[in-house]
Amino acid sequence: AVTLFVYVGLEISTSSWATTFFAGLGEGVVAGALATAGYFLLFTLGRWFAGPVVDRLGLMRMVRLALALAAIGIALTAWPTTRLAGFALAGLGQSLVFPTVLVWGVRRHPIWRPELNAVALGAAGAASMTVPYLIGVAVAGLGTPALTPLLIALTLVALGVTFSLR
């Protein structure tokens, strides 16, 4: 539940704050809209095409690699010339985490399938309402450039939580 909460909060915060991030930096909402589109394009392609790699690399190994890729993408948003690519790369990195963790849970505990799905939906719902709000409050107090380190920190927390999973 903690893994899904942190991850879904990260995913929604990354995708939902892109336009505000670009506007807040004076780069305009069109650039933010393009960043959001790039995020969701690679997010979708990642789920379609990188999904089969999960069985070859292992579920948790793939989640960890994906989160490391997302952290690199988010780090790229610190520089104007790499912001669009950074959001797109973050989308690719975040694309596999949520469904992969669900599959991992069902494989590890097949008789708990209904309970795992309920926990996943509950964690996702709670995270989608709280984490982006808290990120927004922090950015409002610290300034727009704070979005990048806040999202990197949240990505590292999500990555760290995966090591608590057996």
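Structure: see above.
Now for a description of the structure that goes with this document. All of these numbers come straight from a predicted model, not from anything done at the bench. (Residues numbered from 1 in each chain as written. Predicted model: local features only at pLDDT ≥ 70, side-chain atom pairs only at ≥ 80, totals over all residues. Heavy atoms only, no water.)

## Quick word on the packing of aromatic side chains
Tallied over the full model, the rule gives seven aromatic pairs. Measuring from ring centre to ring centre gives 5.0 Å for Tyr-39 and Phe-40, while their planes differ by 85°; the resulting arrangement is edge-to-face. Among the residues examined, Tyr-39 registers a relative accessible area of 0% and is labelled buried. Note on Phe-40 and Phe-43: the rings are 6.0 Å apart at their centroids and 75° apart in plane angle, and the pair reads as edge-to-face. Taken together, the residues Phe-40 and Phe-43, both in helix 3 (residues 29–50) and three residues apart, mark about one turn of the helix. Through a chain of ring-to-ring contacts, three or more aromatic side chains come together here, namely Phe-21, Phe-22 and Phe-87. Over the face of the ring belonging to Phe-163 we find Arg-64, whose NZ or CZ atom lies 4.3 Å from the ring centre. (Phe/Tyr/Trp six-rings, centres within 6.5 Å; stacked < 30°, edge-to-face > 60°. Buried < 20%, exposed > 50% of the residue type's maximum accessible area, 1.4 Å probe, protein only. Helix = DSSP H or I, 4+ residues; strand = E, 2+ residues; numbered from the N terminus. Lys NZ or Arg CZ within 6 Å of the ring centre and 35° of its normal.)

## Overview of the packing of helix 1 (residues 2–16) against helix 6 (residues 83–94)
As a packed pair, helix 1 and helix 6 sit with axes 11 Å apart at the nearest point and diverge in direction by 155°. By the criterion of interaxial angle, the relationship of helix 1 to helix 6 is roughly antiparallel. Crossing of helix 1 over helix 6 shows left-handed handedness. Listed contacts from helix 6 to Tyr-7, Leu-10, Glu-11 and Thr-14 of helix 1 are Phe-87, Ala-90 and Gln-94. Considering only residue class, the contact of helix 1 with helix 6 consists of four nonpolar, two polar and one charged. (Axes fitted to C-alpha atoms, helices over the stretch in contact; angles between N-to-C directions. Parallel < 35°, antiparallel > 145°, perpendicular 65-115°, else oblique. Left-handed = near helix turned anticlockwise from the far one by under 90°. Contact = heavy atoms within 4.5 Å. Nonpolar A, V, L, I, M, F, W, Y, C, P; charged D, E, K, R; others polar.)

## Describing the packing of helix 1 against helix 3
Running from N to C, helix 1 and helix 3 cross one another at 140°; their axes reach a closest spacing of 9 Å. When the axes of helix 1 and helix 3 are compared, the pair comes out oblique. Taken together, the residues of helix 3 that come into contact with helix 1 (itself represented by Tyr-7, Glu-11, Thr-14 and Ser-15) are Thr-36, Tyr-39, Phe-40, Phe-43 and Arg-47. Of the residues assigned to the contact of helix 1 with helix 3, the class counts are four nonpolar, three polar and two charged.

## A word on helix 1
For helix 1, spanning 15 residues, the distance from its first C-alpha to its last is 21 Å, which sits close to the expected 21 Å at 1.5 Å a residue. Counted residue by residue, helix 1 has eleven buried out of 15 residues, so it is predominantly covered. The complete set of buried residues in helix 1 reads Thr-3, Leu-4, Val-6, Tyr-7, Val-8, Gly-9, Leu-10, Glu-11, Ser-13, Thr-14 and Ser-15. (Expected span 1.5 Å × (residues − 1).)

## Things to note about the pattern of salt bridges
A complete count under the given rule lists one salt bridge for this structure. Its salt-bridge partner being Arg-83, residue Glu-27 comes within 2.1 Å of it at the nearest N-O pair. Of this pair, Glu-27 sits in the loop between helix 2 (18–24) and helix 3 while Arg-83 sits in helix 6, placing them 56 residues apart in sequence. (Salt bridge = Lys/Arg side-chain N within 4 Å of Asp/Glu carboxyl O.)

## Describing the environment of Leu-134
Note on placement: Leu-134 falls in helix 8 (residues 113–142). Measuring from C-alpha to C-alpha, the distance between Leu-134 and Trp-17 comes to 12 Å, with 117 residues separating the pair along the chain.

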